[in-house]
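This is what each chain is made of:
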Amino acid sequence: MVLVSGSGTNLQALLDASADEAFGARVVAVGADRDGIEGLSRAERSGVPTFVQKVGDHATRDQWDEALAARIADFKPDLVVSAGFMKILGSRVLGSFPVVNTHPALLPAFQGAHAVREALAYGVRLTGCTVHLVDAGVDTGPVIAQEAVAVQDGDDEDSLHERIKTVERRLLVEIVGRMARDGWTVSGRTVRLGRPTRRS
Ligand code: GAR
């Protein structure tokens with residue numbers, strides 16, 4: 001299942017990929033933290049069930065986390081993908097499901113909600129995207145895959161973000177497909193895709 005907060009182009013890439021059975025995964029539901037976003041419309045157009053859980057509708061952040069975990073659990077997902085979901089997930093969600101996030105920078109550089117703006121402001125010549133497992137921190141979980149994107153002279157936040165997103169969508173689809181088809185193991189901060197090999 002996929003969590004979104006905005007335009008949902010990464011979600012769309014997953015929806016498109018899952019049209020082919022060989023991809024090995026399908027999007028069972030899409031959850032959001034706000035109404036009226038293109039990400040939810042994309043899910044509806046694909047016939048995928050949606051739900052919205054807003055932080056502001058709950059007395060505490062913990063209650064939101066519990067309600068979100070319960071909605072996710074209804075769909076019994078094997079994996080939760082945070083694809084442009086702009087909220088920090090709580091312990092109930094993270095303790096119940098493996099969660100993968102896509103981030104528009106080469107972590108651990110430029111964690112948080114304004115990664116592309118901050119990379120440009122810093123003046124880096126190389127940035128990129130990271131697919132990682134989510135832990136209790138902000139963009140601190142073990143890295144699964146990264147790809148670099150060069151900053152071009154004259155880039156602004158939008159142009160750079162669009163080039164990153166082109167790479168990001170392909171990488172996210174590749175990694176989610178491999179996780180679904182082949183599984184993964186985590187040892188410390190190292191994530192290995194594929195089934196563990198037995199040593200004799
Ligand atoms: C993506 O670039 C994703 O990495 C970023 O939001 C964009 C969502 O695009 N997420 C974050 O910045 C989280 N810190 P999309 O809605 O078109 O998939």
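Residues numbered from 1 in each chain as written. Predicted model: local features only at pLDDT ≥ 70, side-chain atom pairs only at ≥ 80, totals over all residues. Heavy atoms only, no water.

## Remarks on the nonpolar core
Move 1: By size, the foremost hydrophobic cluster in this structure holds 42 residues, and its most contacted members are Val2, Leu14 and Val30.
Move 2: Listing elements by their share of this core, those giving two or more residues are strand S1 (2–4), helix H1 (9–17), strand S2 (30–32), helix H2 (38–45), helix H5 (115–122), strand S6 (126–133), strand S7 (143–150) and helix H6 (157–182).
Move 3: Looking at this core, the element that brings in the most residues is H6, giving nine residues.
Move 4: Non-local contacts of Leu14, meaning those with residues more than four positions away in its chain, are made with Val2, Phe23, Val27, Val81, Leu172, Val173 and Val176.
Move 5: Core analysis: the second largest hydrophobic core is formed by 14 residues, Ala29, Ala69, Leu89 and Phe97 among them. (Core = buried A, V, L, I, M, F, W, Y, C linked by side-chain atoms within 4.5 Å. Buried < 20%, exposed > 50% of the residue type's maximum accessible area, 1.4 Å probe, protein only. Helix = DSSP H or I, 4+ residues; strand = E, 2+ residues; numbered from the N terminus. Contact = heavy atoms within 4.5 Å.)

## A word on the environment of Asp62
Move 1: Inspection of the secondary structure puts Asp62 in helix H3 (residues 61–74).
Move 2: Between the C-alpha atoms of Asp62 and Ser159, which are 97 residues apart in sequence, the distance is 37 Å.

## Brief notes about the site of the ligand
Move 1: As a matter of local geometry, the ligand sits amid 13 residues, with Ser7, Gly8, Thr9, His161 and Glu168 nearest to it.
Move 2: Between the ligand and Ser7, the relevant distance is 2.7 Å, taken from an oxygen atom to a side-chain nitrogen or oxygen of the residue.
Move 3: Between Thr102 and the ligand, the recorded distance is 3.2 Å, taken from a backbone N or O atom to an oxygen atom.
Move 4: Within the complex, 92% of the 450 Å² of free accessible area of the ligand lies under protein.
Move 5: The cavity where the ligand resides is the largest pocket. (Near = heavy atom within 4 Å. Polar contact = N/O pair within 3.5 Å; in protein donor to acceptor, adjacent residues only side chain to side chain. Areas by Shrake-Rupley, 256 points an atom, 1.4 Å probe, with all protein chains shown as cover. 1 Å grid on protein atoms, 1.4 Å probe; cavity = no way out; pocket = protein on both sides within 12 Å on 5 of 7 lines; lining within 4 Å. Sits in = over half its atoms within 2 Å of the grid points.)

## Observations regarding the pattern of salt bridges
Move 1: Inspection of every chain in the model, using the stated rule, returns ten salt bridges.
Move 2: Between Glu38 and Arg45 there is a salt bridge; the shortest N-O distance is 2.8 Å.
Move 3: Note on Arg45: relative accessible area 58%, which makes it exposed.
Move 4: Across the pair Arg92 and Glu66 runs a salt bridge whose closest N-O atoms are separated by 3.4 Å. Separated by 26 residues along the polypeptide, Arg92 in helix H4 (residues 91–96) and Glu66 in helix H3 bring together distant segments of the chain.
Move 5: The class of Glu66 is partly exposed, set by a relative accessible area of 43%. (Salt bridge = Lys/Arg side-chain N within 4 Å of Asp/Glu carboxyl O.)

Taken by themselves, the reported measurements are silent on function.
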